[in-house]
Protein chains: 2
Amino acid sequence: MAEHTSKQFDAELESVRSRVLQMGGLVEEQIIHAVDGLINGDLELAQAVIQNDHRVNAMEVSLDEDVSHIIARRQPTAGDLRMLMMIIKTITDLERIGDEAAKIARMTKLVYESDRIAQPRFSQIKFMSELVVDMLRRALDAFARLDPTAATQIARQDMQVDEQFRSELRHLITYMMEDPRTISMFIDILFAAKAIERIGDHAKNMSEYVVYMVKGKDVRHTSVEEMEREVLE
Amino acid sequence: MAEHTSKQFDAELESVRSRVLQMGGLVEEQIIHAVDGLINGDLELAQAVIQNDHRVNAMEVSLDEDVSHIIARRQPTAGDLRMLMMIIKTITDLERIGDEAAKIARMTKLVYESDRIAQPRFSQIKFMSELVVDMLRRALDAFARLDPTAATQIARQDMQVDEQFRSELRHLITYMMEDPRTISMFIDILFAAKAIERIGDHAKNMSEYVVYMVKGKDVRHTSVEEMEREVLE
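Along each chain, numbering runs from 1 in the same order as the chain's sequence is written. Labels are handed out in written order, letters beginning with A for the chains and numbers beginning with 1 for the ligands. Totals for whole chains, interfaces and linings use every residue, but because this is a predicted model, local features are given only for residues with pLDDT of at least 70 and side-chain atom pairs only at 80 or more, for both listing and counting. Derived side-chain values reflect all non-hydrogen atoms in the structure, with water molecules and hydrogen atoms excluded from consideration.

An unreviewed UniProt entry annotates chain A as Phosphate-specific transport system accessory protein PhoU originating from Thiobacter aerophilum. UniProt positions are given in the numbering used here, feature names are shortened, and annotations may be inferred rather than shown by experiment. Its UniProt record gives chain A a comment under Subcellular location (unreviewed entry), which states: "Cytoplasm". UniProt lists a comment for chain A under the heading Sequence similarities (unreviewed entry), and it reads "Belongs to the PhoU family."

Spelled out as structure tokens, the structure:
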């Protein structure tokens, strides 16, 4: 009976974990579509991203409930509980990545639907978005395989994204100064760049939860070097 | 024995809840200091906010651990578990409010430490910050008293903050167009305004967790009108 229960518990946990990965897949698609929409001026794609955000939200709500039910029914031990905590926190970040994708899509509408005086320019945005999608994939992979070593790599990529964002900011300021009538449009693009930068932060958070889950050590708010020590220990 | 355990459990829960309120108090202070620093050009105050952020982070880590321990040891029932879930999520939002306050302080340094060509202007920032501090207080109060009715009021205030942010954005664009050499400075102020706007979002999240806790209904991602119906039901 105990074994039976434990097998059921494992199955429930596995089902929740695979749905988190599904949610991650949807969120990844949302980012890619949002950035494609922005760069190619594809307003239909932007609209689709905005409409699909409710699917991300619904997945968050449903996964949250399932995790609560599992905890209430199964009264998990320390290790399993840490896993469930990791899942709750991961879902929160995935949902917020979804929000950022929707924000990029809303900015796309503003950029292309207003009377444009100049061609929009996206110096670093494509590159930044490829970086954060890679970070998200690594974070989901680390979640799936319970691999804490990905966290330091992702933290380094996050520093790269931040650097890219600062560089994009300098470009955008230059464009605005060249023709002040474009300020409003380039500020919308700036907000889109900021949304991409934030997606990187969320992927970093997710990889830190995996370290906590596996190592039992909270590496949030620590430097990359400290994190490296914790992970390799 | 059971009663004894339950009393201990209540005491543990009460201790965690009061520490969440303490964390809320610290975070509120961080916002107020950050905005005062920005408006008055007080770089020492800005520096203090940046330094104090680690205290907010440490409170998050320690509260997270305590909640995990309580769940593992006490195996709480559905109602108590919902309370603990509310606490975990509330802590996450409080920590991110702390990050936003630190961001305002970092922007303050950029605004005042660079070679300024013009006087910084903060049309709506003071007003916005008073609104979000009020929202945070209400959200903490709703958390303390387990009062779900505050959520609709806070959601309405959040719409006001968003409107104020859009108005501030229009002002800032006007200043930038008047003198393009000020673009960089006003973009730093824009990021500070954005941080204040985000604090409003986090306070709104917190009040929604209270509704979930008390009513068992997830009102995230629903309109104010729907939320009103759920809360008053």
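Turning to the packing of helix 3 (residues 78-113) of chain A against helix 6 (residues 183-215) of chain A, a few remarks are in order. What describes two packed helices is the angle between their axes and the distance between those same axes. Only the stretch in contact is used when fitting a helix axis, every axis being a line fitted to C-alpha atoms; angles between N-to-C directions are given from 0 to 180 degrees. Segments assigned H or I by DSSP are reported as helices when at least four residues long, segments assigned E as strands when at least two residues long, and all are numbered from the N terminus. It is the contact of helix 3 of chain A with helix 6 of chain A, at a shortest axis distance of 9 Å, that shows an interaxial angle of 170°. Here helix 3 of chain A lies roughly antiparallel to helix 6 of chain A, going by the angle between them. Here the word oblique covers every angle except those under 35 degrees (roughly parallel), over 145 (roughly antiparallel) and from 65 to 115 (roughly perpendicular).

Okay, the confidence of the model for chain A next. Confidence of the prediction at every residue is given by pLDDT, a number between 0 and 100. Looking at chain A, the pLDDT average stands at 92 and 98% of residues meet or exceed 70. Across chain A, the element-wise mean pLDDT spans from 79 in helix 7 (residues 224-232) of chain A up to 97 in helix 4 (residues 125-145) of chain A.

The next point concerns the environment of Glu228 of chain B. All names here are of chain B. Note that Glu228 resides in helix 7 (residues 224-232). Separated by 73 residues in sequence, Glu228 and Ala155 place their C-alpha atoms 9.9 Å apart. Discounting chain neighbours no more than four positions away, the residues touching Glu228 are Thr152 and Arg156. In this analysis, two residues are considered to be in contact whenever any of their non-hydrogen atoms come within 4.5 Å of each other.

Moving on: the interface of chain B and chain A. The interface is formed by 40 residues belonging to chain B together with 40 residues belonging to chain A. By the criterion of area lost to chain A, the three top residues of chain B are Arg96, Phe191 and His221 of chain B, representing 16% of everything that side buries. Only one rule defines a salt bridge in this text: a Lys or Arg side-chain nitrogen within 4 Å of an Asp or Glu carboxyl oxygen. Across the chain B-chain A interface, the total number found is 6 salt bridges. The closest approach of N and O atoms between Asp93 of chain B and Arg96 of chain A, which form a salt bridge, is 3.3 Å. Polar contacts here mean pairs of N or O atoms no more than 3.5 Å apart (in protein, one a potential hydrogen donor and the other a potential acceptor; neighbouring residues in sequence count only if both atoms are side-chain atoms). Where chain B meets chain A, there are 11 residue pairs in polar contact (both at pLDDT 80 or more). Residue assignment for the side of chain B that touches chain A shows that the elements contributing at least two residues are helix 2 (43-74), helix 3 (78-113), helix 5 (150-178) and helix 6 (183-215) of chain B. Two parts placed together each lose some accessible area; with a 1.4 Å probe, that loss summed over both constitutes the buried area.

Let us now look at the layout of surface pockets. In the cavity and pocket records, a cavity denotes points on a 1 Å grid over the protein atoms alone where a 1.4 Å probe fits but cannot get out, a pocket denotes an open set with protein on both sides within 12 Å along at least 5 of 7 lines, and lining residues are residues with an atom within 4 Å of a point. Grid points are joined across faces, edges and corners, and a volume is the space filled by probe spheres set on the points. In this structure, the second largest pocket encloses a volume near 160 Å³. Along the walls of the second largest pocket sit Glu65, Ser68, His69 and Ala72 of chain A together with Ala78, Leu81, Arg82 and Tyr212 of chain B, which together make up its complete lining. Here the element with the most residues in the lining of the second largest pocket is helix 2 (residues 43-74) of chain A; it accounts for 4 residues. Here the lining of the second largest pocket is built from residues that sort into 4 nonpolar, 2 polar and 2 charged. The residue classification treats Ala, Val, Leu, Ile, Met, Phe, Trp, Tyr, Cys and Pro as nonpolar and Asp, Glu, Lys and Arg as charged. All others, Gly included, are polar.

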